[in-house]
Amino acid sequence: MSSFTPNDLRRSMAKLRWPMRLTWFGLFSESLVQALWPLMSVVLSVLAALMLGLQDSVMIEIVWAGIVIAFFAFAFGLVYALRRFRIPSKAAAMERLDASLPGRPIRAMLDTAAIGDGDDAAMAVWRAHKSRMAQRATAAKAVPADLRVASRDPYALRYVAVLAFSMALLFGSFWRVGSVVGMAPGAESMASGPVWEGWAEPPRYTGRPTLYLNDLPAGPLDLPKGTLITLRFYGEVGALALTETVSGRTADMPAATDPAQDFAIVQQGSIAVEGPSGRAWNVTMRPDAPPEVQILGETKVTALGEMRLPFSATDDYGVEAGEAQFILDLAAVDRRYGLETAPDPREQIIVALPTPIAGNRAAFEENLIEDFSKHPWANLPVKLTLTVLDAVEQQGETIPLDMLLPGRRFFNPSAAALIEMRRDLLWSTKNATHTAQVLRAVSWHAEDLFSSATSALRLKRIIEKLEIRTRYGLDAEVVDELAEDLWGLALELEEGELADALERLRRAQERLQEAMKNGASDEEIAELMDELRRATDDYMRQLQRQQAQEAEQNSDGDQQQGENMQMTQDDLQRMMDRIQELMEEGRMAEAAEALQQLQEMMENMRVTEGQPGQGGKSPGEEAMEGMADMLGEQQGLSDQAFRDLQEGYNPDARAGENQDNEGRNGGQGRGQSHDGQGEGNGERSDPNGQNGEQNQQFGEGEQGLAERQRALREELNRQQGRLPGQGTPDGDAAREALDRADRAMRDAEEALRKRDLAEAIDNQAQAMEALREGMRSLSDALAQDQQDQSPGQGETEADRRADNRDPLGREQGSNGSSSTDGPLALGQENGRARARELLDEIRRRSGQKERPEAERDYLNRLMERF
């Protein structure tokens, strides 16, 4: 066991010298902070108030009261500091350091043995204990000071004072502290002389900060135009004077020695404060340039009439707003037909230009996207001017651009005629009579013009409303209503509501042919080609459904299979790409010929027959056939109701009708009388009957239609009970659609019994639309069910694929649904050759400089990928 000598004690205490000194300094800091925090809070608060210039903003009496309060607060803080502050002793530092160590080793080293001095064994134990304490004391570290005074300052007044002083450092000045000296009684004789203050405040939109002129040295000074200069002179009036040449003021100028001076910089010049502590600056004004705007490219118009105009705008401090103005160029309008009349007064078109929501508005590029298809000036000459404003309302505008106001173009002749009449009516109400006459001419033989009886009835109502309003006076509200009705009817004619895919295909081909004749733009051609592709896909799906329905009935399908036409998706896509390419190159004659070939090929194409399945038709197929029959019967009822409505307006027209009534009810009533009461009823065809007899027969026809409508609704209810796919989303959607059809049929039946044919036709149209939705949902449900089933037994996978293909070479299910998982009907060698052909074609097109840059970039990315 080692012994502990006095030399060991001195060495151990020497090692504790710096920890003890630092601990003592911490105790000193604690005592100083705890004693001085009230005094420092008072000093910082008073300095903050003076630096912020509060003494210059209140009455002198309030300043004197504040000085008294500050004096007493300062005295209290000083007394508090003197009473609380104590210089710590070394013993206190040693005590804190010793308390931070376990077992208080420092005190143990300094202790002496109270008893046992003569006992060697006891003293040996004592020395060993002190040696262990000395080793433990070597781990001593300075104790950090506890500067917290929260217990003495529960309201955090010290933080309030520090925050106020920080704000004064940012927004105040030490120069303001001296202004309080002149507020004391008799301070005039004690003042050292006059003083001044000045500020330069640039306009807020520049984003530049306010400058304190007292902190700026004399010399050059660069300031934006419109900067507000504020000067204040304190002391003897006349001791300080202002001289400036930047405001451009010539009248109503205050005296140069006025204590308050305010003016704005409108030109370059100088500002000088003359007198004691005066200063002068040579001001260079930074002008605020007007904004600029320019059009970056040509206006692009989509097939639906939406325009896109790129533009850019710049300003040195940022563009605030902008607008586009379209003014009718009346001198350039072809004043023929309805445009020959003087136009009604109409305001110019003004639309706001888009600007960045966030970010820098000093320079930006945007696109003006608008649709003016419904405006009366659509496709007429206008002058376009873009205007932008900055914060001081300086304007920048473009040179007026001559253009046709972009709008949708209609390629269906009937739809185009309705749109032209709509334009004439909006052009001038004086065209109302002429418009009604042209619309009556257009509606002649409505059955040849409209595919839906509802559409023909809508046009008839529009004409009647126009004629009645023309007779008693047209106002702007009625004109707008008529224009909206004509627009909706034209859209129906242009886009169609056909349920049959072949009719949609023919309609798309006809629209494309009209576009070729009328010189459509590239955007319109692209849109119409997309419509043709969609219609072609729908037609192919319809052929597949027909294959599923005819497979069971065609007993000699194997013998006829070789006579049917089969083509690949690549062949079809290549033909449509060729048509679009010819149209874009302006070779319309060749494009029309290719389109005609495509049309003939699609109409003559037949689906490759598959092997008949085992057994009869599935419940889903029977439901589809039943719904298709109901749709045809409902269409026939609607057409017959429409003809009855026409005859109600023109009873004499019955005399010229054919006795056999072929086609009067949509193909469902060959040989039936028009009133629907059975065959052989010739009463309706007597042209010499009296009006009372005609009205009686007319009512009987309506009752007959009501009975047929009731029978059709009962058949619908029977079909609903046999509908498959219950519990599936598509099956539930089909049932919901048939429920809507049932309600519409019930309403149509009631309207027929009330002899309200117009209301009945509307309800019948709703019923037909609901039936179409139900058929689509049921078809989707059957397709999903077919995918969930496994292939039939007794045939190989190769035989099933070979015998079950659609005209594009794709595999299909028994219900006509197309399978897109398998490859097209291409051999391996043919597939490789086709891939090489596609890659060569991509390379050829990417090298054509006349193609748009965006298209060539896309082709280059394709080559990089493949």
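Just so we're clear, the structure is a prediction, and the values are computed from it rather than from any experiment. (Residues numbered from 1 in each chain as written. Predicted model: local features only at pLDDT ≥ 70, side-chain atom pairs only at ≥ 80, totals over all residues. Heavy atoms only, no water.)

Peer 1: I keep staring at the overall build of the protein and nothing clicks. Help me out?
Peer 2: Within the protein, the regular secondary structure consists of 24 helices and 17 strands. Counting contacts in the protein only where the partners sit at least 6 residues apart, residues at least 24 apart contribute 72% of the total. Working note: accessible area of the protein is about 47,700 Å², and carbon and sulfur atoms make up 52% of it. (Helix = DSSP H or I, 4+ residues; strand = E, 2+ residues; numbered from the N terminus. Contact = heavy atoms within 4.5 Å. Areas by Shrake-Rupley, 256 points an atom, 1.4 Å probe, with all protein chains shown as cover.)

Peer 1: Help me out: how do you make sense of the nonpolar core in this one?
Peer 2: Across soluble globular proteins, you tend to see nonpolar side chains buried next to one another. With 59 residues, the main nonpolar core has Leu-418, Leu-439 and Leu-778 as its most contacted residues. Elements that contribute at least two residues to this core include exactly helix 8 (413-427), helix 9 (432-442), helix 11 (453-472), helix 12 (476-495), helix 18 (619-649), helix 19 (691-721), helix 20 (729-753) and helix 21 (757-788). Ranked by residue count, the leading element in this core is helix 21, at 11 residues. Those residues in contact with Leu-778 that lie beyond four places of it in its chain are Gly-620, Ala-623, Met-624, Met-627, Leu-723, Pro-724 and Ala-734. Counting 26 residues, the second largest nonpolar core, distinct from the first, contains Ala-313, Phe-372, Trp-377 and Leu-380. (Core = buried A, V, L, I, M, F, W, Y, C linked by side-chain atoms within 4.5 Å. Buried < 20%, exposed > 50% of the residue type's maximum accessible area, 1.4 Å probe, protein only.)

Peer 1: Where do I start with the pairing of strand 6 (residues 260-264) in this structure?
Peer 2: Within a regular beta strand, the side chains point alternately toward one face of the sheet and then the other, so they alternate between its two faces. Here strand 6 shows one buried face, formed by Gln-261 and Phe-263, and one open face, formed by Ala-260, Asp-262 and Ala-264. Across 5 bridges, strand 4 (residues 228-234) lies against strand 6 in antiparallel orientation. Within strand 6, the residue paired with Ile-229 across the bridge is Phe-263. (Pairing = 2+ DSSP bridges.)

Peer 1: Looking at this structure, I do not really get the sheet that holds strand 6. What am I missing?
Peer 2: By definition, the strands of a sheet pair up through backbone hydrogen bonds, in either a parallel or an antiparallel sense. The strand order across the open sheet built from 4 strands is 2-1-4-6, with neighbouring strands paired in antiparallel fashion. Edge strands, defined here as strands with exactly one partner in the open sheet, are strand 2 (211-212) and strand 6. Alignment of strand 1 (residues 195-201) against strand 4, held across 7 bridges, turns out to be antiparallel. Bridging across to strand 4, Trp-196 finds its partner in Phe-233.

Peer 1: When you look at helix 20 in this model, what are you seeing that I'm missing?
Peer 2: In an α-helix, one turn spans 3.6 residues, which is why side chains three or four residues apart end up on the same side. The end-to-end C-alpha separation of helix 20 is 37 Å, in line with the 36 Å expected for 25 residues at 1.5 Å each. In the stretch just after helix 20, Arg-755 is the one whose phi turns positive, near 65 degrees. (Expected span 1.5 Å × (residues − 1).)

Peer 1: Help me understand a nonpolar patch on the surface, please; the structure alone is not making it clear to me.
Peer 2: Taken together, Leu-52, Leu-54, Leu-163, Met-167, Leu-170 and Phe-171 make up a surface patch of nonpolar side chains, about 630 Å² in accessible area. Following the sequence through the fold, Leu-54 ends up in the loop between helix 2 (17-51) and helix 3 (60-84). (Patch = residues over 30% accessible without salt bridge, like charges linked within 9 Å, V, L, I, M, F, W, Y side chains within 5 Å. Salt bridge = Lys/Arg side-chain N within 4 Å of Asp/Glu carboxyl O.)

Peer 1: Would you mind going over the pattern of salt bridges with me for this structure?
Peer 2: Where side chains of opposite charge bring their charged atoms close, a pairing between them can arise. In total, this model carries 26 salt bridges according to the counting rule given. The partner of Arg-148 in a salt bridge is Asp-146, and the shortest N-O contact between them spans 2.9 Å. Taking the shortest distance from any N to any O, the salt bridge between Arg-740 and Glu-773 comes out at 2.2 Å. With Arg-740 in helix 20 and Glu-773 in helix 21, this residue pair connects regions lying 33 residues apart in the sequence.

Peer 1: Would you take a moment to explain helix 7 (residues 157-171) for this structure?
Peer 2: Taking 1.5 Å of rise per residue, 15 residues should cover 21 Å, and helix 7 covers 21 Å from first to last C-alpha, within 8% of that figure. Listing the buried residues of helix 7 in full gives Arg-158, Ala-161, Phe-165 and Ala-168. Along the long axis of helix 7, the arc covered by the buried residues comes to 85 degrees, so they all point the same way. Helix 7 presents Tyr-159, Val-160, Leu-163, Leu-170 and Phe-171 as exposed residues on the side facing more than 90 degrees away from its buried surface. Of the surrounding elements, those touching the buried residues of helix 7 are helix 2. (Arc of directions from axis to C-beta.)

Peer 1: Any chance you could explain the sheet that holds strand 3 (residues 219-224) here in plain terms?
Peer 2: With mixed pairing, the 4 strands of this open sheet are ordered in space as 3-8-7-5. Edge positions in the sheet fall to strand 3 and strand 5 (241-244), since each of these pairs with one other strand and no more. The average undirected angle you get between the axes of adjacent strands in this sheet is 25 degrees. (Axes fitted to C-alpha atoms, helices over the stretch in contact; angles between N-to-C directions.)

Peer 1: Would you explain the side chain of Thr-385 in this entry?
Peer 2: By the element assignment, Thr-385 lies in strand 15 (residues 381-389). Those residues in contact with Thr-385 that sit more than four places away from it in its chain are Glu-323, Ala-324, Gln-325, Glu-397, Thr-398 and Pro-400.

Peer 1: Teacher, can you tell me more about unusual backbone geometry here?
Peer 2: In the Ramachandran plot, Glu-393 falls in the positive-phi region, its phi being about 65 degrees despite a non-glycine side chain. As for its position among the elements, Glu-393 is in the loop between strand 15 and strand 16 (395-397). Given the relative accessible area of 65%, Glu-393 is considered exposed. With a phi angle near 65 degrees, Arg-755 is a residue other than glycine that sits in the positive phi range. In this fold, Arg-755 is placed in the loop between helix 20 and helix 21.

Peer 1: Would you explain a positive patch on the surface in this entry?
Peer 2: A cluster of basic side chains, namely Arg-83, Arg-84, Arg-86 and Arg-152, defines a positive patch on the protein surface. Within the secondary structure, Arg-86 is located in the loop between helix 3 and helix 4 (90-99). (Lys, Arg positive; Asp, Glu negative; His and termini not counted. Charge placed at Lys NZ, Arg CZ, Asp CG, Glu CD.)

Peer 1: Sorry if this is basic, but what is going on with the packing of helix 9 against helix 11 here?
Peer 2: Geometry of a packed helix pair, given as the angle between the helix axes and the separation of the axes. Look at helix 9 against helix 11: their axes get within 10 Å of each other, and the N-to-C directions meet at 155 degrees. Classified by the angle their axes make, helix 9 and helix 11 are roughly antiparallel. Crossing of helix 9 against helix 11: the hand is left-handed. On helix 11, the residues touching Ala-432, Thr-433, Thr-435, Ala-436, Leu-439 and Arg-440 of helix 9 are Leu-459, Ile-463, Leu-466, Glu-467 and Thr-470. Among the residues making up the contact of helix 9 with helix 11, the classes are represented as 6 nonpolar, 3 polar and 2 charged. (Parallel < 35°, antiparallel > 145°, perpendicular 65-115°, else oblique. Left-handed = near helix turned anticlockwise from the far one by under 90°. Nonpolar A, V, L, I, M, F, W, Y, C, P; charged D, E, K, R; others polar.)

Peer 1: I tried to follow a negative patch on the surface on my own but got confused; where do I start?
Peer 2: A contiguous patch of negative charge on the surface is contributed by Asp-747, Glu-750, Asp-756 and Glu-759. With respect to the helices, strands and loops of the structure, Glu-750 is situated in helix 20.

Peer 1: What am I meant to see in the packing of helix 8 against helix 9 here?
Peer 2: At a closest axis distance of 9 Å, the pairing of helix 8 and helix 9 adopts a crossing angle of 170 degrees. In this view, helix 8 runs roughly antiparallel relative to helix 9, as classed from their interaxial angle. Judged by residue contacts, Ala-417, Leu-418, Met-421, Asp-424 and Leu-425 of helix 8 engage Ala-432, Thr-435, Val-438, Leu-439 and Val-442 from helix 9.

Peer 1: Please explain the packing of aromatic side chains as it appears in this structure.
Peer 2: Each aromatic ring pair is specified by the distance between its two centres and by the angle formed by the two planes. Here the structure, examined in full by the defined rule, presents 9 aromatic pairs. With a centroid separation of 5.4 Å and 85 degrees between ring planes, the pair formed by Phe-410 and Trp-487 is classed as edge-to-face. On the criterion of sequence distance, the pair formed by Phe-410 in the loop between strand 17 (401-404) and helix 8 and Trp-487 in helix 12 is long-range, its members being 77 residues apart. For the pair shown, Phe-410 and Trp-487 are each scored as buried. Through successive ring pairs, a cluster of aromatic residues spans Trp-24, Phe-28 and Phe-85. In this structure, Arg-21 packs its charged tip against the face of Trp-18, placed 5.0 Å from the ring centre. Here the basic side chain of Arg-158 rests over the ring of Tyr-159, its NZ or CZ set 4.3 Å away from the ring centre. (Phe/Tyr/Trp six-rings, centres within 6.5 Å; stacked < 30°, edge-to-face > 60°. Lys NZ or Arg CZ within 6 Å of the ring centre and 35° of its normal.)

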